[in-house]
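In case you want the letters, here they are:
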Amino acid sequence: AYIRKHPLDIPPPSEKDWLKNDEEDFFLQDPDRKRDALPQPFRMVNKLVMMVFENAMEIIERREMLREAQKLKVQPTKFFPTAEFQVTGRANCLAVSGKYIFVGLSVGLAAFKVSDCKEVCAWDAVKMEICAIHTSDLGNECHILLAVDEMGLVWLFFFHKESFLLIQILNETEDISKRNTSVEVVLSPGGDYAGVLLQGNAKAWLEIYRLPKDSWLKEMEKNTEAAEACREKRSSWTSATDIFLLQESPVPANKADAKLSLPVLLLQVKPPKPVTGSSFKSPLDALKKVDDGSMLGLGYNHLIKDSQWEQQEAIFRSTYREYLEAEGERESKEEIPRRATFHFLLPSRILQVGPEIKVQPDVPAGISVHWDGSHNLCFYLLNRPLKEKMDSDPKPDVVWPCAAPIVCSAVSSCSRYLALAYEDAAITIWDKHLGYPLSVTAILEERLIRSIHFL
């Protein structure tokens with residue numbers, strides 16, 4: 001056994017045994033630690049609060065950097081209105097032609113001068129609401145207006161010397177139940193032609209009108225001369241008091257008794273019929289229907305029977321049944337009114353006109369038409385003789401078959417370039433003067449082109 005000789009004593013402390021972390025003046029070296037560390041869960045709360053503050057400071061610094069970078073950019077110039085004009089009712093649309101601004105109102109039409117924005121004339125005989133206006137300047141202070149109201153009627157006006165003159169309602173019918181609605185109206189540059197796309201109960205068609213603007217100018221000159229002669233004749237026997245009253249109460253513009261020549265219906269284009277089985281018994285019968293073989297047609301003159309179509313349809317459905325079931329069948333196969341896109345085209349190599357017809361370089365020589373869901377782009381010549389009985393379904397003069405249905409199209413301002421966009425997201429640019437494509441561009445897959453424009 002071990003026995004301790006001396007009693008157990010506690011040794012006195014010394015400075016060398018002190019721990020440096022237990023110094024009393026440790027807060028002088030680290031001021032943030034002058035207090036004891038927080039216990040849980042307060043340390044976690046403190047970390048979260050500090051993290052929120054740090055993130056907020058980062059966001060503030062980022063926004064300040066963006067604000068400083070925005071100041072270095074060129075700021076767009078802000079323009080404020082220099083003048084305003086008051087209208088009667090509600091303004092729905094407007095168009096500028098020459099030195100006049102034509103405004104479509106909820107109660108009719110109004111014309112204002114561009115220089116001082118003052119109203120010079122108004123037309124409110126029927127109290128109709130105008131939804132769209134198309135204008136063309138003919139010179140000599142004469143303008144053509146095509147106005148579409150809320151019922152889809154197309155009103156043709158002639159504006160001369162600050163007065164409106166109604167020429168005709170293009171799609172007016174006596175029976176309201178048979179009224180046709182205007183879907184789109186296009187006025188050719190120069191005002192030589194007008195196109196109106198109409199829809200009925202279960203059909204749609206395109207009407208092209210020739211506007212006799214030269215005759216209108218001559219007729220307006222004669223009417224003006226006759227009115228001045230009548231005014232001079234009246235002034236010879238009218239007293240001074242009557243002259244004062246006439247000056248105070250002028251005749252409204254919409255009560256003018258002058259009448260102008262009516263526009264001529266030149267073309268009535270209907271949508272293409274679906275290609276069905278052939279009714280020809282022999283190839284000779286089909287060849288007899290072909291004109292001269294110099295152009296492609298719409299594909300109606302073929303020798304494919306209905307049984308062959310049905311057999312091909314059955315083979316296609318059996319081969320791709322799983323894909324057809326995944327996409328689902330079409331809900332309805334009923335034909336609905338279709339929509340067409342059309343453009344007026346100046347003379348070019350695409351539109352070949354005979355030598356006996358005089359062609360003006362600034363007057364449209366034809367139109368291009370494509371219907372929704374159709375592969376064909378059809379061209380119709382406008383320089384055709386007037387017939388006593390118009391062809392209800394004229395054949396196109398030129399047909400361009402395309403690989404995919406045409407979605408939309410556009411014509412450049414110079415009328416030289418034609419752009420076509422298809423359902424497969426491809427775009428083709430054509431040079432109409434030379435008659436060949438300039439470029440073909442394919443957009444990314446699964447993209448649908450809605451509209452196309454030249455800049």
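Residues numbered from 1 in each chain as written. Predicted model: local features only at pLDDT ≥ 70, side-chain atom pairs only at ≥ 80, totals over all residues. Heavy atoms only, no water.

Labelled according to an unreviewed UniProt entry, the chain appears under the name WDR93 protein, originating from Cepphus grylle.

Caption draft 1: Expanded view of the overall build of the chain. Along its length, the chain carries 7 helices and 20 strands. For the chain, buried positions account for 31% of its 455 residues. Of the accessible surface of the chain, which amounts to about 32,400 Å², a share of 55% is contributed by carbon and sulfur atoms. (Helix = DSSP H or I, 4+ residues; strand = E, 2+ residues; numbered from the N terminus. Buried < 20%, exposed > 50% of the residue type's maximum accessible area, 1.4 Å probe, protein only. Areas by Shrake-Rupley, 256 points an atom, 1.4 Å probe, with all protein chains shown as cover.)

Caption draft 2: Molecular detail of the nonpolar core. Counting 22 residues, the largest nonpolar core has Leu146, Phe158, Leu211 and Trp216 as the members making the most contacts within it. At the level of secondary structure, the elements contributing two or more residues to this core comprise strand 6 (142-149), strand 7 (154-160), strand 8 (164-169), strand 9 (181-187), strand 10 (193-199), strand 11 (204-210) and helix 3 (213-237). When residues of this core are assigned to their parent elements, the largest contribution, 4 residues, is made by strand 6. (Core = buried A, V, L, I, M, F, W, Y, C linked by side-chain atoms within 4.5 Å.)

Caption draft 3: Just the pattern of salt bridges, in detail. Enumeration according to the criterion identifies 8 salt bridges in this entry. The partner of Lys113 in a salt bridge is Glu162, with the nearest N and O atoms 3.7 Å apart. Here Lys113 is found in strand 3 (residues 108-113), whereas its partner Glu162 is found in the loop between strand 7 and strand 8, with 49 residues between them in sequence. Between Arg317 and Glu313 there is a salt bridge, with the nearest N and O atoms lying 3.0 Å from each other. Taken as a pair, Arg317 and Glu313 lie in helix 6 (residues 306-319) at a separation of 4 residues, close to a single helical turn. When its relative accessible area of 31% is taken as the criterion, Arg317 is described as partly exposed. (Salt bridge = Lys/Arg side-chain N within 4 Å of Asp/Glu carboxyl O.)

Caption draft 4: Summary view of the packing of aromatic side chains. In this structure the tally under the stated criterion is 16 aromatic pairs. Through a chain of ring-to-ring contacts, three or more aromatic side chains come together here, namely Tyr100, Phe102, Trp123, Trp155, Phe157, Phe159 and Phe164. (Phe/Tyr/Trp six-rings, centres within 6.5 Å; stacked < 30°, edge-to-face > 60°.)

Caption draft 5: Quick look at the environment of Lys358. Within the fold, Lys358 resides in the loop between strand 13 (340-345) and strand 14 (366-371). Taking the C-alpha atoms as reference points, Lys358 and Asn383, 25 residues apart in sequence, are found 8.6 Å from one another.

Caption draft 6: Spatial organisation of the sheet that holds strand 19 (residues 426-431). Sheet architecture is open: 4 strands sit in the order 17-18-19-20, paired in antiparallel fashion. Each having just a single partner strand, strand 17 (406-411) and strand 20 (436-442) make up the two edges of the open sheet. On average, adjacent strands in this sheet sit at an angle of 15° to one another, irrespective of strand direction. Pairing geometry for strand 19 and strand 20, over 6 bridges, is antiparallel. Paired with Ile427 across the strands is Thr441, a residue of strand 20. (Pairing = 2+ DSSP bridges. Axes fitted to C-alpha atoms, helices over the stretch in contact; angles between N-to-C directions.)

Caption draft 7: Local environment of the sheet that holds strand 6. The antiparallel open sheet is built from 4 strands, whose spatial order is 5-6-7-8. Of all strands in the sheet, those with a lone pairing partner are strand 5 (130-139) and strand 8, marking the two edges. The average undirected angle you get between the axes of adjacent strands in this sheet is 20°.

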